[in-house]
Amino acid sequence: MKISIIGVGLIGGSIALKLKEKKWADFIYGIDHSIDNLQDALALDIIDAKADLKYGINNSDLIIIAIPVDAARKILPKVLDLISDSQTVMDVGSTKSGIVESVKNHPKRSRFVAFHPMWGTENNGPKSATANSFSGKAGVICNSEFSAEDALNIVRNLAENLDMHLMYMDAEAHDIHTAYISHISHITSYALANTVLEKEKEEETIFQLASSGFSSTVRLAKSHPEMWVPIFKQNKENVLDVLNEHIFQLRKFKSALEKENYEYLGELIENANKIRQILDNPRIL
């Protein structure tokens, strides 16, 4: 199995490390506009060689697109233009509707599998890649009915070697769900970080008083705009929907405090505690 990974950053690099560890990949080409990323990936043995787009595609069985979703949407049709009927292309983007829409009428659409590994961190670049990142996480295949069975089998096998469990859904449903369980978390983290930075001017005080709870809440605020602005753009309507609901919930807390309705405040917190039953139940995950 020869693989080309377009984008040898956190996600692409972590996939490469795990597939090498499992000896599933015989040779991995890295394709990236960043020379630094390619040099780091080579030094860390994430990839075996660097390549340009045409060479990497011509010499690979599987092409993995692991770049920001706006760039993935643009490059995917070009990649499909270059492949044969025996090659497979997959992406790992956090939004899916725009990506699948971009190739819905492409003659080689069946060679593409829309895939989303449900994992990520606030870090980026190949130096942040780790082999066991995906273990136990969900891998979502979208619109599988439009992909060839042999292409699906390759991606299923890849997910198995990443130690992921598979889920299937259509792209629109995927984007709605990720807006609620992933994208809103990042917006909330960015907003909280901006709130603290605006109101607390003493950096030393923030550093000394910040608890682990605060640090975990704003951890996602360290995520880079190069990745997240395209995600918010591609999933705009769903993100706006969840953002409106989030603002509505915040207003409930604000109103309870303004009116000194502490009984209602307790009810809001108690209702929120129900999330523990879901997240702590392994059958749900």
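Here's what I pulled together on the structure shown here. (Residues numbered from 1 in each chain as written. Predicted model: local features only at pLDDT ≥ 70, side-chain atom pairs only at ≥ 80, totals over all residues. Heavy atoms only, no water.)

**Here we look at the pattern of salt bridges**
Phase 1: Throughout the structure, instances matching the rule amount to 10 salt bridges.
Phase 2: Taking the shortest distance from any N to any O, the salt bridge between Glu149 and Arg156 comes out at 2.8 Å.
Phase 3: Judged by its relative accessible area of 47%, Glu149 is partly exposed.
Phase 4: Note on Arg156: relative accessible area 24%, which makes it partly exposed. (Salt bridge = Lys/Arg side-chain N within 4 Å of Asp/Glu carboxyl O. Buried < 20%, exposed > 50% of the residue type's maximum accessible area, 1.4 Å probe, protein only.)

**Digging into the packing of helix H11 (residues 236-258) against helix H12 (residues 262-272)**
Phase 1: In contact at an axis separation of 8 Å, H11 and H12 are set at 155° when each is read in the N-to-C sense. By the angle between their directions, the pair H11 and H12 is classed as roughly antiparallel. As H11 runs across H12, the sense of the crossing is left-handed. Here H11 contributes Lys252, Phe253, Ala256 and Leu257 to the contact with H12, which in turn contributes Tyr262, Tyr264, Leu265, Leu268 and Ile269.
Phase 2: Grouping the constituent residues of the contact of H11 with H12 by class yields 8 nonpolar, no polar and 1 charged. (Axes fitted to C-alpha atoms, helices over the stretch in contact; angles between N-to-C directions. Helix = DSSP H or I, 4+ residues; strand = E, 2+ residues; numbered from the N terminus. Parallel < 35°, antiparallel > 145°, perpendicular 65-115°, else oblique. Left-handed = near helix turned anticlockwise from the far one by under 90°. Contact = heavy atoms within 4.5 Å. Nonpolar A, V, L, I, M, F, W, Y, C, P; charged D, E, K, R; others polar.)

**Some details on the sheet that holds strand S4 (residues 62-65)**
Phase 1: The strand order across the open sheet formed by 8 strands is S3-S2-S1-S4-S5-S6-S7-S8, and the pairing between neighbours is mixed. Among the strands making up the open sheet, the edge pair consists of strand S3 (49-50) and strand S8 (165-169).
Phase 2: Pairing of strand S6 (residues 112-117) with strand S7 (residues 138-142) involves 4 bridges; the strand directions are antiparallel. Across the sheet, Pro117 pairs through a bridge with Gly139, a residue of S7.
Phase 3: The strands touched by helix H1 (residues 10-21) within the sheet are strand S1 (2-6), strand S2 (27-31), S4 and S6, with S1 carrying the most contacts at an inclination of about 160°.
Phase 4: Lying on the sheet, helix H4 (residues 69-82) is in contact with S1, S4, strand S5 (88-91) and S6; it crosses S4 at an angle near 165°. (Pairing = 2+ DSSP bridges.)

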